[in-house]
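# Geometric and topological summary
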Amino acid sequence: MLHVLRTPLSTERYKTVADKARARAIMGLTVGLVVIYSLFLIVGRSGALAFSDMQGIDQRLDLYVPLALIAMYGGALATVIITRLGKRTASAYMMLASFYAASIVISIPNGLIYAPMGAPLLVMIMIGGFLLGERGIGLTTGLSTLIVAGAMLQRQNIPNAPDNAPFAFILFTVLFVLTGLILQLFLRLQEIGLDEKVGKAARGRQELATLTTQLAQRISRHFILSELLDSTVEDIRKTYPDIYHVQIFLTDEEANEARLVASTGEVGKMLLRRKHSLPIGSRSVIGQVTATSTAVIAAAAGTETVHRRNEYLPDTAAEAAFPLRLGNALIGALDLQSKQVDAFSDPDGLSIFQSLADSIAIAVDNARLFEQTESRVQENQRLLDQMRTTMREVERLNLELTGRSWQTFLSYKGDELGVTVDLDNNIVRQSAEITPTLSTAMRDGRTVQAQASDLQVISTPLRVRGQVIGAMEFEVGADEFTPEDIELVNGVAERFSLALESARIYEESRRVAQRESTLNQIGSRLQTTNTVDTLLAETARGLQASLGATRVAIRLGAPPKSNGVEEH
């Protein structure tokens, strides 16, 4: 109860802002009408409503004014309570009912002899239309007309009353109907205007959604940034007939200039060829937008404007630019130009254009990310191809080097390096005959399986870093060799090949070490010799000892002359 007393006009039960505003309007009108009616009935009764020349009127007013005030105050209190309970429509009917009750108490018994007494009935028609629309207009017009009819019939019982009841009834009725028609026409116009505004907003949202969808589709089709922006400005120009030129500027990395990257028409192509740009912060629409990151609207005919006339766009009457923002970062501006001065006067339209600019900023960022990703992918692919080429070259060099190393090693060890083990006869030979299966295995680099009388012959190559360095061959019983055995032979061949390579490297290392040791020994003996003759003799003996030479000749001096000409 205390809460109700503290907030007599509370609207907390209403959810939307519009419902809260209508509820406040009902309670405000109720309080206002109570004050006005009270002044009309109480103050007016003491002066303007005195009918001293009409018998019985003053006595009736003395009787009915308190009743009217009671009906009005009671209805007003009920209206406020019902409104607070969240029943707005019921409270509107209660307010009308209470004031009509007061009007009936005053108007009918006194026959509306005093014409201003009909004014509240006109006010109730207006309030009915305001609160309940066309239904309220019809209801209040009918009630007001019935009250006037009852008042005109009551005039027959009032002595010295004017004999103009039919005329007064017609006059009041016409006035009520005309007021109702005017209110209804006003409401219709308001409704049409609202529908038009809603439709315009819906079209704007649809156009924005269409353009945003087109941007997303172009990004999904892997449009490059320049193609994306060119298509976007053309779509905007075609979608909005009031705009005849569209441009997009992007800021550079140093944030010093806004560079034109997309523009419509032949003028746009020419500006792009000229690499048109504007300094950030300059006194131009683009300069101010990119400096403040807020939309700028300018008219060419304005006295205080940042619009700078472009000699290639002389028809521009209004220009609007909207920032392209990614979070707190500004990356450019969307520039729109129109031949109509009021092209950018609609706030809803400006919101749509800003939303479009935000979508373009996201599309630009996505396109840039896509181009960067594509560039990285291409660079990675290039590096991968280069690495593969290098690996193939390394493999080729390794193969060639391995082949040369084994050729050198075999030439040093002898071409018939091998072993043959005959387990049946317990014979071991330090050589191996090159059979057809061994030859095929070494030539083709694959395991060969052949049948020889009642035996199976298996030959498998020996590889080192892909280079075939030989082969080994087995003879087994006809039914004893399985695929698992072949896999085992291949595994053994692989391990055997690695062991052979290790042994070769070890022997090569020892041979190199022996050679280095021999050279060091010869060098040491040479360093202890002081005469040329001794050096010649020591060198000859060293070569003989290290190489096993049977004859060593060393000659110093120039070659002999040939045909009388000394050769140099």
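Check the entry above for the structure.
For the structure given in this document, a descriptive report is provided here. (Residues numbered from 1 in each chain as written. Predicted model: local features only at pLDDT ≥ 70, side-chain atom pairs only at ≥ 80, totals over all residues. Heavy atoms only, no water.)

## Description of the side chain of Ser144
Within the fold, Ser144 resides in helix 5 (residues 119–154). Setting aside residues no more than four positions away along its own chain, Ser144 makes contact with Tyr100, Leu121, Ile125 and Phe176. (Helix = DSSP H or I, 4+ residues; strand = E, 2+ residues; numbered from the N terminus. Contact = heavy atoms within 4.5 Å.)

## Digging into the packing of helix 10 (residues 347–413) against helix 12 (residues 483–527)
Between two packed helices, what matters for the description is the angle formed by their axes and the separation of those axes. The N-to-C vectors of helix 10 and helix 12 enclose an angle of 65 degrees; their axes lie 11 Å apart at closest approach. With respect to their mutual orientation, helix 10 and helix 12 come out roughly perpendicular. You can see that helix 10 and helix 12 cross each other, and the crossing is left-handed. Counted together, Ser405, Trp406, Phe409, Tyr412 and Lys413 of helix 10 and Leu500, Glu501, Arg504, Glu507, Glu508 and Arg511 of helix 12 form the full contact between these two elements. Tallied by class, residues from the contact of helix 10 with helix 12 come to four nonpolar, one polar and six charged. (Axes fitted to C-alpha atoms, helices over the stretch in contact; angles between N-to-C directions. Parallel < 35°, antiparallel > 145°, perpendicular 65-115°, else oblique. Left-handed = near helix turned anticlockwise from the far one by under 90°. Nonpolar A, V, L, I, M, F, W, Y, C, P; charged D, E, K, R; others polar.)

## Notes on helix 12
Here helix 12 is 45 residues long and its end C-alpha atoms lie 65 Å apart, about the 66 Å a rise of 1.5 Å per residue gives. Here helix 12 has its buried residues at Val489, Ala493, Ser497, Glu501, Arg504, Glu508, Arg511 and Ile522. (Expected span 1.5 Å × (residues − 1). Buried < 20%, exposed > 50% of the residue type's maximum accessible area, 1.4 Å probe, protein only.)

## A few points about the pairing of strand 6 (residues 329–338)
Most of strand 6 is tucked away: nine of the ten residues are buried. Sheet topology places strand 5 (residues 318–326) next to strand 6; nine bridges connect them, and they run antiparallel. By the bridge assignment for strand 6, Glu319 is matched with Gln337. (Pairing = 2+ DSSP bridges.)

## Looking at the packing of aromatic side chains
Working definition: an aromatic ring pair is given by the centre-to-centre distance plus the angle between the planes. In total, this model carries three aromatic pairs according to the counting rule given. When the ring of Tyr240 is compared with that of Phe353, the centres are 5.0 Å apart and the planes differ by 70 degrees; the resulting orientation is edge-to-face. Pair noted here: Tyr240 is in the loop between helix 7 (225–239) and strand 1 (243–251) and Phe353 is in helix 10, with a separation of 113 residues, a long-range link. Where Phe322 meets Phe353, the ring centres are 5.8 Å apart and the plane angle is 45 degrees; that geometry is what we call tilted. (Phe/Tyr/Trp six-rings, centres within 6.5 Å; stacked < 30°, edge-to-face > 60°.)

## So, the sheet that holds strand 3 (residues 277–279)
Taken together, six strands build an open sheet; the order of strands is 3-2-1-6-5-4 and the sheet is antiparallel. The sheet terminates laterally at strand 3 and strand 4 (296–299), the two strands that pair on one side only. Strand after strand, the sheet turns through a mean of 25 degrees between neighbouring axes, direction not considered. Here strand 1 pairs with strand 6 via seven bridges, running antiparallel. Within strand 6, the position partnered with Val246 by the bridge is Leu336. In this fold helix 7 packs onto strand 1, strand 2 (257–263) and strand 6, with an angle of close to 150 degrees to the strand it touches most, strand 1.

## Here we look at the pattern of salt bridges
As a working rule, side chains carrying opposite charge can pair if their charged atoms are close by. Per the counting criterion, the structure on display carries nine salt bridges. The salt bridge partner of Glu266 is Lys269, with a shortest N-O separation of 3.6 Å. Here Lys269 and Glu266 lie together in helix 8 (residues 265–273), a separation of three residues that amounts to about one turn. A salt bridge links Asp444 to Arg446, with the nearest nitrogen and oxygen atoms 3.6 Å apart. Bridged by salt links that share partners, the residues Arg443, Asp444 and Arg446 form one connected network. (Salt bridge = Lys/Arg side-chain N within 4 Å of Asp/Glu carboxyl O.)

## Quick notes on the sheet that holds strand 11 (residues 467–477)
The three strands are arranged 9-10-11 in an open sheet whose pairing can be described as antiparallel. In this open sheet, the two edge strands, each paired with only one partner strand, are strand 9 (448–452) and strand 11. Adjacent strand axes in the sheet meet at a mean angle of 20 degrees when their direction is disregarded. Here strand 10 (residues 455–464) pairs with strand 11 via ten bridges, running antiparallel. Looking across to strand 11, one finds that Leu455 is bridged to Gly477. This element, helix 10, spans strand 10 and strand 11 of the sheet and lies at about 70 degrees to strand 11. Most of the contacts of helix 12 go to strand 10, to which it runs at about 40 degrees, and overall it touches strand 9, strand 10 and strand 11.

Structural measurements only, silent on function.
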